[in-house]
Amino acid sequence: MQTLTQIIEDATDCKKSGLKYSVDFDAVWKPLGYRSRNVAARRFLATFIQNHDYLLRLVPDSSDRPQCIMMTFDCFIVFAALAQTVQGRQVRQYLADRESAIIDDLERAFKLS
């Protein structure tokens, strides 16, 4: 299982490459601290918009999970916030720290110009 940091980094790379639906629901629900897939899926499906925030893909030859949920990076961030768990707060803090670092870098770059 990937760590949340790895999931964020992979999703960020996919977003940069233009892949819109880059985050696999099954890769993130447990690391975000949800107790069961069903609880996480119910909250997710009740909150987000299919074909905008996420896509449902059929998984051939899969009897346990015939559908795969692929979400956008932005949807993942909101889903993390909705988790209301320590892990969800860690995702938000990690991204806030990265945003601050980027802003600091840009400010330094413009001062040097």
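Procedures and definitions
- Residues numbered from 1 in each chain as written.
- Predicted model: local features only at pLDDT ≥ 70, side-chain atom pairs only at ≥ 80, totals over all residues.
- Heavy atoms only, no water.
- Pairing = 2+ DSSP bridges.
- Helix = DSSP H or I, 4+ residues; strand = E, 2+ residues; numbered from the N terminus.
- Axes fitted to C-alpha atoms, helices over the stretch in contact; angles between N-to-C directions.
- Contact = heavy atoms within 4.5 Å.
- Core = buried A, V, L, I, M, F, W, Y, C linked by side-chain atoms within 4.5 Å.
- Buried < 20%, exposed > 50% of the residue type's maximum accessible area, 1.4 Å probe, protein only.

Visitor: Please clarify how the sheet that holds strand β2 (residues 54-58) should be interpreted in this entry.
Guide: Backbone hydrogen bonds are what pair the strands of a sheet, in a parallel or an antiparallel way. In space, the three strands of this open sheet follow the order β1-β3-β2, with antiparallel pairing throughout. Each end of this open sheet is capped by a strand with a single partner; those strands are β1 (21-24) and β2. Each neighbouring strand pair of the sheet contributes to a mean axis angle of 40°, computed without reference to strand direction. Note that β1 and strand β3 (residues 67-72) share three bridges and pair antiparallel. Looking at the pairing, Tyr-21 lines up with Thr-72 of β3. Helix-sheet contacts for helix α4 (residues 73-83) involve β1 and β3, and the interaxial angle to β3 is about 95°.

Visitor: I would appreciate a short explanation of the nonpolar core in the present structure.
Guide: A general trend in soluble globular proteins is that nonpolar side chains are found buried together. With 25 residues, the main nonpolar core has Phe-25, Leu-32, Phe-44, Met-71, Phe-76 and Phe-79 as its most contacted residues. Listing elements by their share of this core, those giving two or more residues are α1 (4-16), α2 (25-28), α3 (37-47), β3, α4 and α5 (86-112). Ranked by residue count, the leading element in this core is α4, at six residues. Among all residues touching Leu-32, those that are not within four sequence positions of it are Leu-4, Phe-76, Phe-79, Ala-80, Ala-83, Thr-85, Gln-87, Gly-88 and Val-91.

In short, shape yes, function no, at least from these values alone.
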